[in-house]
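Survey of secondary and tertiary structure
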There are 2 protein chains.
Amino acid sequence: VEQQRVRVAVDLLGGDDAPDVVVDGALLAHETDPSVVPILVGPIDVATDVLTARGAAGRIETVAASQVIGMGEHPVRAVRAKSDATVRVAARLVHDGDADAMVSVGSTGGAMAAALFTFGRLPGVSRPPLAIVVAAAEHPVVLLDVGSTVEAGPELLSQFALAGASYARARLGLELPRVGLLSVGAEDSKSEGIRRDAYDAIDAVLTGLPVRFVGNVEGSDVPLGGPADVVVTDGLTGNVLLKGLEGMLARVAHGLTAAAGDDPAVRTAFAKATAALDPDVVGGAILLGVDGVAIVGHGGSSAQAVSSCIRAAAGAVTNRVVPNVAAALADLVARRRREAGLPVTPAAVVT
Amino acid sequence: VEQQRVRVAVDLLGGDDAPDVVVDGALLAHETDPSVVPILVGPIDVATDVLTARGAAGRIETVAASQVIGMGEHPVRAVRAKSDATVRVAARLVHDGDADAMVSVGSTGGAMAAALFTFGRLPGVSRPPLAIVVAAAEHPVVLLDVGSTVEAGPELLSQFALAGASYARARLGLELPRVGLLSVGAEDSKSEGIRRDAYDAIDAVLTGLPVRFVGNVEGSDVPLGGPADVVVTDGLTGNVLLKGLEGMLARVAHGLTAAAGDDPAVRTAFAKATAALDPDVVGGAILLGVDGVAIVGHGGSSAQAVSSCIRAAAGAVTNRVVPNVAAALADLVARRRREAGLPVTPAAVVT
């Protein structure tokens, strides 16, 4: 059986070390898995220069785009103003069927805005969340939202729960994903007010679906795993937690170097212990709830990290993440219309 | 110079392994620093039994209290209903001058409610925050609120900023503490809406004080340090981050054991690298903005951890944390009254 080729449009100008690490990451992704076909999106001459310097001229296709969304710019305004921005052109390739997914390690807001405007929202999603898979001690944990929407009330959180559960099913192959709501401590009485409403909203949305709502979970359940495969929260809390976990990993790495110098036993043990958490292999965050695959990575991504993002994007296509999330959301929209006494037609579902 | 004795009332019945670890922790704290004088608060016979079993009968004073706040109870209601609860009696000892500080490793909500009701709020504080000191890579970082108030708007966050800065000055001896607001990423344009208002409110409150507001910081700045000595956020985000950091530490520890077994070089390096982050030495969280010292620790505290909480409580008394926080808050109240055209009298400040 021949493996289906997956074409991934890659933002040539995004990231602290663009274009070099982007080109190197694209070459690496294709070498690692020849069925993954990156397409560089940016100035042709810039791509050609780097590819030529690597002795890889012509090995990767390039599509022209002349503008870039800077880290200091307002993402939405900049994306609107720059019709030839790399992320807009990349999103257009996906929308037009000339690529299967897009990747950027530049401005997260810029890439999200380009994907959202070009792909459009799936029915049932008001604000598409960013999701990441954390290699927790016991099993992978999907954490969302990690920075798309800093404030999220019960309705949004319940949409995130549904999108996250569908993603876990497609990406992790879970038949019955367990969903938890991020909260404080295990003392029940603490979770009142807004989190209580979110709890009830998620419970209602997930009822009757092949998903188990396990209720409140706490911050430690994300790096450790155990109660939930999917952990739902607002974009501020999720982003702070994700960055905190990354910072703690770096804190321990620094500490080990200070304590043991270059002792190879210690270095090897740490590398092995944290391999799955390494930003180089994590593969970025995926924007869920839009009608296409968009992956965003750290601005500080290495070539290895860019390669992981590209391969994660290809994996999301192969695992049919978008159709899976879309189907779950369409079910919810239909159910809500039914409950409200509105007609449920295929047209209503896909509008 | 004789060291001043500091009396610390300790909840005998709080924590997963009470009363044993509480008694052991009290004995350890006093052995480590004889100027620290724990007072056990709970059933006299229970304390006597454990002390006798340790060959330490009569070595630590006990004050009778017959009730306990369970982990499953609603803390505020339970504290109101149980006038002979250990945490209420402990708080009363402090209020009446028979102890200098209180410690509990039982229900966090119960201990906070008892301290709040008995000590009262300092003027200028609507909801007292819980603060913890994180041994970040570069320097200690005060993080607050870590779980007292799950939702906090601009006004509360600015109170937290002021209380946190005063605490950092007293506890860490910083002349000009740097205060940051926890937010998403470094991309400025992301921090709009509610966090923008919080930013402005904190900036306004700290202006003219010996504090430097450094603006937005991100999750990684808590374990790594660098931009801020004090990191301000709401209780949900702070609690999730704190638990996440603890979980990540445990995740790496498990990973190292899986990777290197009992290799003593690796174990020693990890212990050394993370010694300052060890729950056994962290010393719990302090409730700021109440008129007395109250420290709460993990329910799973070891004797070593209980001892650290008791010594942290004594340190807060010695470092005059409450008078320092009170003075900063009184200044703010006076300033606000002046700005509002209201008379500023000493009476108005201390009411």
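Residues numbered from 1 in each chain as written. Chains lettered and ligands numbered in written order. Predicted model: local features only at pLDDT ≥ 70, side-chain atom pairs only at ≥ 80, totals over all residues. Heavy atoms only, no water.

Describing the pairing of strand β6 (residues 140-144) of chain B
Residues and elements named next belong to chain B. Among the 5 residues that make up β6, 4 are buried, leaving the element largely enclosed by the rest of the structure. When strand β5 (residues 130-135) meets β6, the two strands line up antiparallel, connected through 5 bridges. Across the sheet, the residue bridging to Ala 135 is Pro 140, located in β6. Where β5 hands over to β6, the hairpin turn is made up of 4 residues, counted between the paired strands. In the sheet, β6 pairs with strand β9 (residues 230-232) via 3 bridges, with the strands oriented parallel. Considered in β9, the bridge of Val 142 is made with Val 230. (Buried < 20%, exposed > 50% of the residue type's maximum accessible area, 1.4 Å probe, protein only. Helix = DSSP H or I, 4+ residues; strand = E, 2+ residues; numbered from the N terminus. Pairing = 2+ DSSP bridges.)

Quick word on helix α5 (residues 108-119) of chain B
All names here are of chain B. For α5, which comprises 12 residues, the first-to-last C-alpha distance of 16 Å matches the rise-based estimate of 16 Å (1.5 Å per residue) to within 8%. For α5, the buried fraction is high: 10 of the 12 residues fall into the buried class. Every buried residue of α5 is accounted for by Thr 108, Gly 109, Gly 110, Ala 111, Met 112, Ala 113, Ala 114, Ala 115, Leu 116 and Phe 119. Where α5 is buried, its residues touch α3 (75-81), α4 (86-95), β4 (101-104), β5, β10 (285-287) and β11 (293-296). With its phi angle positive at about 85°, Gly 120 sits one or two positions after the end of α5. (Expected span 1.5 Å × (residues − 1). Contact = heavy atoms within 4.5 Å.)

A look at the interface of chain A and chain B
Contacts between the two partners involve 59 residues from chain A and, on the opposite side, 58 residues from chain B. Between chain A and chain B the total buried area reaches about 4,600 Å² when both faces are included, carbon and sulfur atoms providing 69% of it. Between chain A and chain B we count 2 salt bridges in total. Ionic pairing is found between Glu 218 of chain A and Lys 243 of chain B, a salt bridge with its closest N-O pair at 3.3 Å. With 20 residues, helix α9 (residues 235-260) of chain A is the largest single contributor of residues to the side of chain A that touches chain B. Per-class residue counts for the side of chain A that touches chain B are 29 nonpolar, 17 polar and 13 charged. (Buried area = accessible area lost by both parts, 1.4 Å probe. Salt bridge = Lys/Arg side-chain N within 4 Å of Asp/Glu carboxyl O. Nonpolar A, V, L, I, M, F, W, Y, C, P; charged D, E, K, R; others polar.)

Considerations on the sheet that holds strand β8 (residues 212-217) of chain B
Residues and elements named next belong to chain B. Pairing is mixed across the open sheet formed by 11 strands, whose spatial order is β3-β2-β1-β4-β11-β10-β5-β6-β9-β7-β8. Looking at which strands have only one partner, the edges of the open sheet turn out to be β3 (61-63) and β8. On average, each strand axis in the sheet is inclined to that of its neighbour by 30°, with strand direction left out of account. Here helix α1 (residues 20-32) sits on the sheet and contacts β1 (6-11) and β2 (36-41); the angle it forms with β2, its principal contact strand, is near 165°. (Axes fitted to C-alpha atoms, helices over the stretch in contact; angles between N-to-C directions.)

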